[in-house]
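Next come the chains, spelled out residue by residue.
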Amino acid sequence: MTVWEAVAVCAAGIGAGGINAIVGSGTLITFPVLLAVGLPPVTANVSNSLGLVPGSISGAIGYRRELRGQGRRVLRLGTVALLGGLTGAILLLTLPSSAFDTIVPVLIALALVLVVLQPRLAAAVRRGRERENNSAHPHGGIPLQGGMLLASAYGGYFGAAQGVIYLALMGLLIPDDLQRINAVKNVLGAVVNGTAAVFFLFVADFDWTAVLLIAIGSAAGGQLGARIGRKLAPGVLRGVIVAVGLVAIVQLLLR
């Protein structure tokens, strides 16, 4: 890797760490750069997953204020994310990518629809519960856990726009502020990336130079993204989520 290629990889790590803290989809920045510098696709994907772990942790630390009082929620969903992330990492090394390449753009599109309609859908769900005298589950219940398990498996496999899917599911099924939900998303992203990274360390090929460059960049980007993201109003944050998701769909379809 040349000096300029190293600079490009590190810069991509900064961008990925920042966008992951705000929305998710940082993989769409780093993965193409790793391919461009000559890494094979699977090696690039594995190196990317390892390198983004510090960025995910950094983003979660940046949102620590919004995480207060959410320990039980994080524990429940974090356990699901761990199992899903490990499943996805195993699938990466055992299944062809064609099946996921087909379904991923559809999943992201559905997630974007949920994000756009989330205020109305959530209000409709609340009205239904009020009519039936049922209160919302503070942690989303079984429907959310099932959805998060599938989303985490996808995250362990590739992870582009994983955060968009997380925010869509939690925004619909958890009665809480979007910024607090975003904080949980960052922790879950760290869990999935960390789980996949530990698995890959023992069974997959990766490039240590790329891993270290992305790790340094993503850690810095995570702090920057957290500072920017927490200042965004819910409507603006929702718009950013949709914009990033649309870019993800276009890039995946053209890949």
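Keep in mind it's a predicted model, so treat the numbers as computed, not measured.

(A) Looking closely at the overall build of the protein chain. Within the protein chain, the secondary structure is distributed over twelve helices and zero strands. What you see in the protein chain, going N to C, is helices and strands ordered as α-α-α-α-α-α-α-α-α-α-α-α. By residue count, 53% of the 255 residues in the protein chain fall in the buried class. For the protein chain, the share of sequence-separated contacts (at least 6 apart) that also reach a separation of at least 24 residues comes to 83%. As presented, the protein chain carries roughly 11,500 Å² of accessible surface, and 69% of it is formed by carbon and sulfur atoms.

(B) Representation of the side chain of glutamate 66. Among the secondary structure elements, glutamate 66 is positioned in helix 5 (residues 64–67). Sequence-distant contacts of glutamate 66, defined by excluding residues within four places in its chain, comprise Gln179, Arg180, Ala183 and Arg230.

(C) Structural detail: the packing of helix 1 (residues 3–22) against helix 2 (residues 27–36). With their axes 8 Å apart at the nearest point, helix 1 and helix 2 run at an angle of 160 degrees to one another. By the angle between their axes, helix 1 is roughly antiparallel relative to helix 2. The chirality of how helix 1 crosses helix 2 is left-handed. In contact with Ala8, Val9, Ala12, Gly13, Gly15, Ala16 and Ile19 of helix 1, helix 2 contributes Ile29, Thr30, Val33 and Leu34. Taken together, the residues of the contact of helix 1 with helix 2 break down into eight nonpolar, three polar and no charged.

(D) How the structure looks around the nonpolar core. Residues Leu77, Leu144, Met148, Tyr166, Met170 and Leu188 are the most contacted members of the largest nonpolar core, which totals 51 residues. Take this core: its biggest share by element is nine residues, from helix 10 (residues 178–203). Ignoring sequence-local partners within four residues, the contact set of tyrosine 166 consists of Ala81, Met148, Ala151, Ser152, Lys185, Leu188, Gly189 and Val192. Counting six residues, the second largest nonpolar core, distinct from the first, contains Ile22, Val23, Ala161 and Val164.

(E) Region of the structure containing the side chain of arginine 73. For arginine 73, the position within the fold is in helix 6 (residues 71–94). Here arginine 73 falls in the buried class, since its relative accessible area comes to 7%.

(F) Quick peek at the packing of aromatic side chains. Tallied over the full model, the rule gives two aromatic pairs. Ring plane angle 85 degrees and centroid distance 5.0 Å describe the contact between phenylalanine 206 and tryptophan 208, whose orientation is recorded as edge-to-face.

(G) Structural view of the pattern of salt bridges. Applying the stated criterion across every chain yields a total of three salt bridges. A salt bridge links glutamate 66 to arginine 65; the nearest nitrogen and oxygen atoms lie 3.7 Å apart. Glutamate 66 gets classed as buried once you look at its relative accessible area, which sits at 11%. Since its relative accessible area comes to 49%, arginine 65 is described here as partly exposed.

(H) Representation of the confidence of the model for the protein chain. The predicted model of the protein chain has a mean per-residue pLDDT of 81, with 83% of residues at 70 or higher. Here helix 7 (residues 98–131) stands out as the element of the protein chain with the lowest mean pLDDT, 67, in contrast to helix 11 (residues 208–229), whose mean of 91 is the highest.

(I) Spatial organisation of the environment of threonine 195. The residue threonine 195 is located in helix 10 in this model. Once the C-alpha coordinates of threonine 195 and glycine 85 are considered, the two residues, 110 residues apart in sequence, prove to be 6.0 Å apart. Not counting residues within four places of it along the chain, the set of residues in contact with threonine 195 comprises Leu82, Gly85 and Leu86.

(J) A look at a nonpolar patch on the surface. Residues Val42, Leu93, Val198, Leu201, Phe202, Val203, Trp208 and Leu212 make up a contiguous nonpolar surface patch of roughly 810 Å² in combined accessible area. Listed by contribution, the elements that provide at least two residues to the nonpolar patch are helix 10 and helix 11. Considering each element in turn, the nonpolar patch owes the most residues, four residues, to helix 10. Of note, leucine 201 is situated in helix 10.

Calculation rules
Residues numbered from 1 in each chain as written. Predicted model: local features only at pLDDT ≥ 70, side-chain atom pairs only at ≥ 80, totals over all residues. Heavy atoms only, no water. Helix = DSSP H or I, 4+ residues; strand = E, 2+ residues; numbered from the N terminus. Buried < 20%, exposed > 50% of the residue type's maximum accessible area, 1.4 Å probe, protein only. Contact = heavy atoms within 4.5 Å. Areas by Shrake-Rupley, 256 points an atom, 1.4 Å probe, with all protein chains shown as cover. Axes fitted to C-alpha atoms, helices over the stretch in contact; angles between N-to-C directions. Parallel < 35°, antiparallel > 145°, perpendicular 65-115°, else oblique. Left-handed = near helix turned anticlockwise from the far one by under 90°. Nonpolar A, V, L, I, M, F, W, Y, C, P; charged D, E, K, R; others polar. Core = buried A, V, L, I, M, F, W, Y, C linked by side-chain atoms within 4.5 Å. Phe/Tyr/Trp six-rings, centres within 6.5 Å; stacked < 30°, edge-to-face > 60°. Salt bridge = Lys/Arg side-chain N within 4 Å of Asp/Glu carboxyl O. pLDDT = per-residue confidence, 0-100. Patch = residues over 30% accessible without salt bridge, like charges linked within 9 Å, V, L, I, M, F, W, Y side chains within 5 Å.

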